[in-house]
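Okay, here's what each chain looks like letter by letter:
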Amino acid sequence: MNPSTLMGAAAVVFGGLGLALVFAPVEVGGALGLGGPAAELALQLAGAGMVGFGLLDWAGRGAIYGGIYGRPIALGNFLFGVLVATSVAREATAPAGWAVAAAFGLLAVGFGWILFGRGSPTTGGS
């Protein structure tokens, strides 16, 4: 997968879900099978983090991620995707929650490929 395409997809997923969680945390949390009214603040904070990652990914979608300069962004996205996917999968009770966990898991696999599978852009990958 092209890193620019992956960054764009991550921006849309992170930003879209993040905005939904910021502005409608109880409704979105209920649809995903996560928490309830008591979890409103936690869902809004998670949404704010997702919006931040989405903006970071959108702004950096044209950069080169095979070298040392893009590695921290790819590593942050990889860890964020893994942690969100496993956390949501552990707690989700609705099919929409499983879909979100799968989307974040796929993004984590993509960022893992950038981090560990491609090699440097000058060597043609591994």
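This write-up is about the structure you can find in this document. Not measured: the values here are computed from a predicted model. (Residues numbered from 1 in each chain as written. Predicted model: local features only at pLDDT ≥ 70, side-chain atom pairs only at ≥ 80, totals over all residues. Heavy atoms only, no water.)

Re the packing of helix α3 (residues 40–59) against helix α4 (residues 71–91)
Rules: Where helices are involved, their axes are fitted lines through C-alpha atoms of the stretch in contact, as for all axes, and angles between N-to-C directions lie from 0 to 180°. Working definition: helices are DSSP H or I runs of at least four residues, strands are E runs of at least two. Numbering for both runs from the N terminus. In this scheme the handedness of a crossing depends on how the near helix is turned from the far one: anticlockwise by less than a right angle means left-handed, clockwise means right-handed. Whether two residues are in contact is decided by their heavy atoms: any pair within 4.5 Å suffices. We call Asp, Glu, Lys and Arg charged. Ala, Val, Leu, Ile, Met, Phe, Trp, Tyr, Cys and Pro are nonpolar, and the rest, Gly among them, are polar.
Between α3 and α4, whose axes approach to 11 Å, the crossing angle comes to 145°. Considering how the two elements wind past one another, α3 and α4 form a crossing that is left-handed. Only Ile73, Gly76, Asn77, Phe80 and Val84 of α4 make contact with α3, whose side of the interface consists of Met50, Phe53, Leu56 and Asp57. Classifying every residue of the contact of α3 with α4 by side-chain character gives six nonpolar, two polar and one charged.

Let's talk about α4
As a reminder, the rule being used: In a helix, the anticipated span is given by 1.5 Å times the number of residues less one. Relative accessibility thresholds used throughout: buried, under 20% of the residue-type maximum; exposed, over 50%; partly exposed, between the two (1.4 Å probe, protein chains only).
For α4, spanning 21 residues, the distance from its first C-alpha to its last is 30 Å, which sits close to the expected 30 Å at 1.5 Å a residue. Within the span of α4, buried status applies to Ala74, Asn77, Phe78, Phe80, Gly81, Val84, Ala85 and Val88. Taken together, the buried residues of α4 touch α1 (3–23), α3 and α5 (95–117).

Here's the deal with a nonpolar patch on the surface
Note the following rule: Two distance rules govern patches: like charges are joined within 9 Å, and nonpolar side chains (Val, Leu, Ile, Met, Phe, Trp, Tyr) within 5 Å, applied only to residues with over 30% relative accessible area and no salt bridge. The method behind every accessible area is Shrake-Rupley, applied with a 1.4 Å probe, and residues are considered shielded solely by the protein chains displayed. By definition, a salt bridge exists where a carboxyl oxygen of Asp or Glu is found within 4 Å of a side-chain nitrogen of Lys or Arg.
A cluster of nonpolar side chains, Leu75, Leu79 and Leu83, forms an exposed patch at the surface whose accessible area comes to about 270 Å². Checked against the element boundaries, Leu83 lands in helix α4.

What to know about the nonpolar core
Note the cut-off: Definition used in this section: a nonpolar core is a set of buried Ala, Val, Leu, Ile, Met, Phe, Trp, Tyr and Cys residues joined via side-chain atoms within 4.5 Å.
Formed by 26 residues in total, the largest nonpolar core has its most connected members in Leu17, Met50, Val88, Phe104 and Phe111. Elements with a contribution of two residues or more to this core: α1, α2 (25–32), α3, α4 and α5. Setting aside its immediate chain neighbours within four residues, Val88 contacts Leu34, Gly97, Val100 and Ala101.

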